[in-house]
2 protein chains.
Amino acid sequence: MNLTEASAKPLRVALLGAGNVGSQVARILLDDAAALGSRAGAPLELVGIAVRSLDTDRGTALPQELFTTDAESLVENADIVIELMGGIEPARSLILRAIEHGATVVSGNKALFAQDGPALYEKADAAGVQLSYEAAVAGAIPILRPIRDSLSGDRITRVLGIVNGTTNYILDQMDATGAQFADALRAAQELGYAEADPTADVEGHDAAAKAAILASLSFHTRFALENVYCEGITQVTADDIAAARADGYVIKLLAIAELLSDEAGDPGVSVRVHPTLLPRDHPLAAVHGAFNAVFVEAENAGELMFYGQGAGGTPTASAVLGDVVSAARRMMLGGPGRTETTTGHVPARSIDTVSTSYCIGLDVADQPGVLARIATIFADNAVSIETMRQSIHQPGPGAEGTAELRIVTHRATEASLAATVKQVAALPVINSVTSVLRVEGI
Amino acid sequence: MNLTEASAKPLRVALLGAGNVGSQVARILLDDAAALGSRAGAPLELVGIAVRSLDTDRGTALPQELFTTDAESLVENADIVIELMGGIEPARSLILRAIEHGATVVSGNKALFAQDGPALYEKADAAGVQLSYEAAVAGAIPILRPIRDSLSGDRITRVLGIVNGTTNYILDQMDATGAQFADALRAAQELGYAEADPTADVEGHDAAAKAAILASLSFHTRFALENVYCEGITQVTADDIAAARADGYVIKLLAIAELLSDEAGDPGVSVRVHPTLLPRDHPLAAVHGAFNAVFVEAENAGELMFYGQGAGGTPTASAVLGDVVSAARRMMLGGPGRTETTTGHVPARSIDTVSTSYCIGLDVADQPGVLARIATIFADNAVSIETMRQSIHQPGPGAEGTAELRIVTHRATEASLAATVKQVAALPVINSVTSVLRVEGI
């Protein structure tokens, strides 16, 4: 079986909703059609975008003829339905209609899946259609698929998640600057990290919906919003944060789902959202700004953490399209579906042609003009210097002084770096090249 | 369609290899049979374990009648084949035979998949069988499935991985203690983190195999071991580490797969393993000891990180069994396969019955006997104190002194904590309860 875009009939994709995430999903489906199609095994054809009203000005980025207010007809004529409307209705009815019509469904709707997830995926299983909603929790971070598939042979015991970027940004600002909650909230609103009405975020409701979804998947049991204890961050004061800091803690709003035994030894699950002190050396303590992370403890796997952007149109669109392409692969093969694809054709590059940054350590004579001579060699080889740091070793009486130089370069090729180092090493004022190491992450 | 263990025929599972990981996989298949079967949709019956010789003493943990030296017969009579022998042959031939017989294959063989992965999964696709090998890279960390499925709608631009626990342990020790490489290696060997012959780890060969696999999946293109530039950590000195530290860097052995353009603007991929300086505030810099982590940069998702245990029998068995259960789900339904399961029946626990640690802040009169009275109330309510810290506010002349108390408790129920706080607040020596916050991660 060798599927190519040429031989395969396109899969008809219907998009419900054209908000922040939906409009990015549409853009990527159109812009990256070739790459997505070759990975899916068939072209993904965006056949329509259902919106509430055609009058809204959506700019000129997306073809106007794709928009429609008739969501039901769109759903009935699609192979894949992407639901990004949010809220319970009409999202729920449209998803059920898609399932009835045998369409694959991808959603990012946390409110709906926190309330009705298990009922919806039982219906999808019964109809033999695929249903996925990775984007509903923690934006771009792959977390639902790892819990559902990768950890399906293990027993999860605890999930601790920073799943709301707004509150993490606010708490992180309070921790970094000593600000009070109200001031940090205002700053977050000015930067677009918090909405004008921040209730759903700061009262923990958004995190509670995600906690219910995480708990249901982690413990293979249906948990709904009413099972989640929820406490927001509005009562957290600058004093709380300062006192926590003094004790070696940081305060985070965590979504927690935890397997525990009662006094009789019977298992149960606690699902809760509340401001929580975490030791500063805990991996979640290092999650700053609007980033999200989910920390999972499993009996065999031990501790795992998944970290990334938890919100935003483009990152969340990545999660939606991951679900779409994965589902399309399985649709195309009927059976288990395609696994890896080797449809790309990028060549492997030899290390000689690769540019990276380097850190070069030099033991040099402490004489006037040395720095200039070294810098000239770097410039002659087109190796640009990012930082140069010199530490002088005090010589004993009568001895000549030496200095240690540490040079970090901008990206340069292996070849030009090697030429540079060779020429520098040959300078009479150089005692030795003490180290040459590559640098990443700058 | 409602699959239960009672109605479904067992899936016959053959295990090839009974080493560190294989023996844990066998143990869990036997011990957790009920839970695994209910998630898979059919019982998973371990029908045999192929080993090189029956004479080896394997203790008494696994039933002796499962062991056989006839791997070929075992493979030909299995629905699912788990290959954990390692090395190229006979693993490769046995996997091909399993594919020919229509069996689902799960492997943890990094050497084989670095060399022949794309050829093997093309054969599996052509035969319509499932093939997965999550355990081959980064042990328990779900990384191959997220790259293959969750990021299939995105464009990965760079992968930076700490994928070898031995070298990370050695470098982390050198960074923490100032030790030389040889001493840190010896310590790692004594603790079982490094083998007697550490070549494959310290020369970067193990990481290079994983880099080839990560690159192939990330860029949908076949990269083999000969495409990987490889430099180990044997040349890294204590001076290198100290100088890096002084500059705000840490040295890590990274497996890097990076999309880049040449001078003509044509894309290519660099796959390489070498000691690398990373800024200390980079998420990978906080990966200590023998832990692994993979940092992924994608066009839409942005930065993602996956963190966890990269080796060890039990953690790696978790990854193997995740592949087994996921594959079994799809086999049982033929089509897209089961997604989530709600076969668990653990009840939701109310917050009132949940035990967590608390941190209580109290503003108290600075008088003798106050601490004892507070501690008595905690004891009467069976709330055990982990730490108690007091800071005294110097009063102005003539004013009464006050103190701030911060008490962190062991796990206590919400109900007993509430009773404690109520009684403490009623003490005449208490000016106010300044905060009550929950603590996790201690």
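Residues numbered from 1 in each chain as written. Chains lettered and ligands numbered in written order. Predicted model: local features only at pLDDT ≥ 70, side-chain atom pairs only at ≥ 80, totals over all residues. Heavy atoms only, no water.

Within chain A one finds 14 helices and 18 strands. Considered along the principal axes of its C-alpha atoms, chain A spans approximately 90 × 60 × 50 Å. The buried share of chain A, taken over its 442 residues, is 58%. Side chains of chain A carry 31 positive and 53 negative charges; the gap between the two charge centres is 6 Å. (Helix = DSSP H or I, 4+ residues; strand = E, 2+ residues; numbered from the N terminus. Buried < 20%, exposed > 50% of the residue type's maximum accessible area, 1.4 Å probe, protein only. Lys, Arg positive; Asp, Glu negative; His and termini not counted. Charge placed at Lys NZ, Arg CZ, Asp CG, Glu CD.)

Right, let's get into the nonpolar core. Counting residues in each nonpolar core, the largest one holds 165 residues, and the members touching the most others are Ile143 of chain A together with Ile143 of chain B. Among all residues touching Ile143 of chain A, those that are not within four sequence positions of it are Glu134, Val137, Ala138, Leu214, Val294, Val296 and Phe306 of chain A. Judged by nonpolar contacts, the second largest core, of 32 residues, contains Leu29, Ile80, Ala319 and Val320 of chain A. (Core = buried A, V, L, I, M, F, W, Y, C linked by side-chain atoms within 4.5 Å. Contact = heavy atoms within 4.5 Å.)

Turning our attention to the layout of surface pockets. All names here are of chain B. Here the second largest pocket is characterised by a volume of approximately 1,200 Å³. For the second largest pocket, the lining is made up of 42 residues, of which Lys110, Glu195, Asp206, Ala311 and Gly312 are closest to its centre. Sorting the residues of the lining of the second largest pocket by element identifies α1 (20-31), α5 (110-127), α7 (165-177), α9 (199-202), α10 (205-219), β11 (291-298) and α12 (313-333) as the ones contributing at least two each. Counting residues per element, the lining of the second largest pocket draws most heavily on α10, at 4 residues. Residues of the lining of the second largest pocket, tallied by class, amount to 16 nonpolar, 19 polar and 7 charged. (1 Å grid on protein atoms, 1.4 Å probe; cavity = no way out; pocket = protein on both sides within 12 Å on 5 of 7 lines; lining within 4 Å. Points joined across faces, edges and corners; volume = space filled by probe spheres on them. Nonpolar A, V, L, I, M, F, W, Y, C, P; charged D, E, K, R; others polar.)

On the chain A side, the residues contacting the 125 residues of chain B number 124 residues. Buried surface at the junction of chain B and chain A, both sides included, amounts to about 10,100 Å², of which 52% is carbon and sulfur. Applying the counting rule to chain B against chain A returns 12 salt bridges. Taking the shortest distance from any N to any O, the salt bridge between Asp247 of chain A and Arg406 of chain B comes out at 2.9 Å. One can count 40 residue pairs in polar contact (both at pLDDT 80 or more) joining chain B with chain A. The element that contributes the greatest number of residues to the side of chain B that touches chain A is strand β10 (residues 267-279) of chain B, accounting for 11 residues. Bridge analysis of strand β12 (residues 302-309) of chain A against strand β12 (residues 302-309) of chain B gives 3 bridges, and the strand direction is antiparallel. Each bridged residue has a counterpart across the sheet, and for Tyr307 of chain A the counterpart in β12 of chain B is Met305 of chain B. (Buried area = accessible area lost by both parts, 1.4 Å probe. Salt bridge = Lys/Arg side-chain N within 4 Å of Asp/Glu carboxyl O. Polar contact = N/O pair within 3.5 Å; in protein donor to acceptor, adjacent residues only side chain to side chain. Pairing = 2+ DSSP bridges.)

What follows covers the sheet that holds strand β6 (residues 131-132) of chain A. Sheet strands pair by backbone hydrogen bonding; their relative direction is either parallel or antiparallel. Residue and element names in this part refer to chain A. Strand order across the open sheet formed by 6 strands is β3-β2-β1-β4-β5-β6, with parallel pairing between neighbours. The outermost strands of the open sheet, each flanked by one partner alone, are β3 (67-68) and β6. Here helix α1 (residues 20-31) sits on the sheet and contacts β1 (11-16), β2 (44-50) and β4 (80-83); the angle it forms with β2, its principal contact strand, is near 150°. (Axes fitted to C-alpha atoms, helices over the stretch in contact; angles between N-to-C directions.)

Moving on, we come to the side chain of Glu258 of chain B. Within the fold, Glu258 of chain B resides in strand β9 (residues 249-261). Among the residues examined, Glu258 of chain B registers a relative accessible area of 4% and is labelled buried. In this structure the side chain of Glu258 of chain B is engaged in a polar contact, spanning 2.8 Å, whose partner is the side chain of Arg411 of chain A. Reaching out from Glu258 of chain B, the side chain makes a polar contact with the side chain of Arg272 of chain B at a distance of 2.9 Å. The residues contacting Glu258 of chain B, other than those within four sequence positions of it, are Val354 and Arg411 of chain A together with Thr157, Arg158, Phe219, Gly268, Val269, Ser270 and Arg272 of chain B.

Relative to the assigned elements, Ser216 of chain A resides in helix α10 (residues 205-219). Setting aside residues up to four positions removed in sequence, Ser216 of chain A forms contacts with Thr221, Arg222 and Phe223 of chain A.

As a further point, take helix α14 (residues 414-425) of chain A. The end-to-end C-alpha distance of α14 of chain A, which contains 12 residues, comes to 16 Å, matching closely the 16 Å that a straight helix rising 1.5 Å per residue would cover. Regarding α14 of chain A, the residues found buried are Glu414, Ser416, Leu417, Thr420, Val421 and Val424 of chain A. Taken around the axis of α14 of chain A, the buried residues stretch over an arc of 165°, which confines them to a single face. In the core, the buried residues of α14 of chain A are packed alongside β14 (355-365), α13 (370-380), β16 (402-409), β17 (412-413) and β18 (430-439) of chain A together with β8 (228-230) of chain B. (Expected span 1.5 Å × (residues − 1). Arc of directions from axis to C-beta.)

Each copy of the chain is related to the other by a rotation around an axis and a translation along that axis. Once chain B has been moved 0.0 Å along the axis and rotated by 180°, it coincides with chain A to within an RMSD of 0.1 Å. Look at the turn and shift together and you get a two-fold axis relating the two. Comparing interface residues between copies, 99% of those in chain B also lie at the interface in chain A; the contact surface is shared. (Least-squares fit on C-alpha atoms with pLDDT ≥ 70 in both.)

Take the sheet that holds strand β6 (residues 131-132) of chain B next. Residue and element names in this part refer to chain B. Strands sit in the order β3-β2-β1-β4-β5-β6 across an open sheet of 6 strands; the sheet is parallel. Both edges of this open sheet fall to β3 (67-68) and β6, since each of them pairs with a single strand only. Sheet contacts for α1: β1 (11-16), β2 (44-50) and β4 (80-83); angle to β2, the most-contacted strand, approximately 150°.

All names here are of chain B. If you trace the backbone, Glu45 turns up in strand β2. C-alpha separation for the pair Glu45 and Val159, spaced 114 residues apart in sequence, amounts to 38 Å. Contacts of Glu45, omitting those with residues within four sequence positions, involve Pro10, Leu11, Arg12 and Val13.

Residue and element names in this part refer to chain B. By the criterion of burial, strand β16 (residues 402-409) is predominantly enclosed, with 6 of the 8 residues buried. Note that strand β14 (residues 355-365) and β16 share 7 bridges and pair antiparallel. Bridge pairing links Asp363 to Glu404 in β16. Pairing geometry for strand β15 (residues 385-393) and β16, over 8 bridges, is antiparallel. Among the inter-strand pairings, Met388 is bridged to a residue of β16, identified as Ile407.

To continue, consider the pattern of salt bridges. Considering all chains together, one arrives at 44 salt bridges over all chains under this definition. Lys110 of chain A is the salt-bridge partner of Asp206 of chain A, the closest N and O atoms lying 3.1 Å from each other. Residue Asp206 of chain A is found in helix α10, and its partner Lys110 of chain A is found in helix α5 (residues 110-127); the two are separated by 96 residues along the sequence. Here Asp206 of chain A falls in the buried class, since its relative accessible area comes to 9%. The exposure class of Lys110 of chain A is partly exposed, given its relative accessible area of 30%. Taken together, the salt bridges that share partners define one network made up of Arg158, Glu258, Arg272 and Glu297 of chain A together with Arg411 of chain B.

A few words on the domain arrangement of chain A. All names here are of chain A. Considered domain by domain, chain A is made up of domain 1 (11-137 + 314-333), domain 2 (144-311) and domain 3 (351-439). Using only C-alpha atoms to locate each centre, domain 1 and domain 2 end up separated by 28 Å. The partner domain 2 presents 18 residues to the 19 residues of domain 1 that form the contact. When domain 1 packs against domain 2, the two sides together hide about 1,400 Å² of surface, and 59% of this comes from carbon and sulfur. Between the two partners, domain 1 and domain 2, sit 2 salt bridges. At the junction of domain 1 with domain 2, the criterion picks out 4 residue pairs in polar contact (both at pLDDT 80 or more). In terms of residue count, α5 provides more of the side of domain 1 that touches domain 2 than any other element does, 8 residues in total. Grouping the amino acids of the side of domain 1 that touches domain 2 by side-chain chemistry returns 10 nonpolar, 5 polar and 4 charged. (Domains from an automatic or database assignment.)

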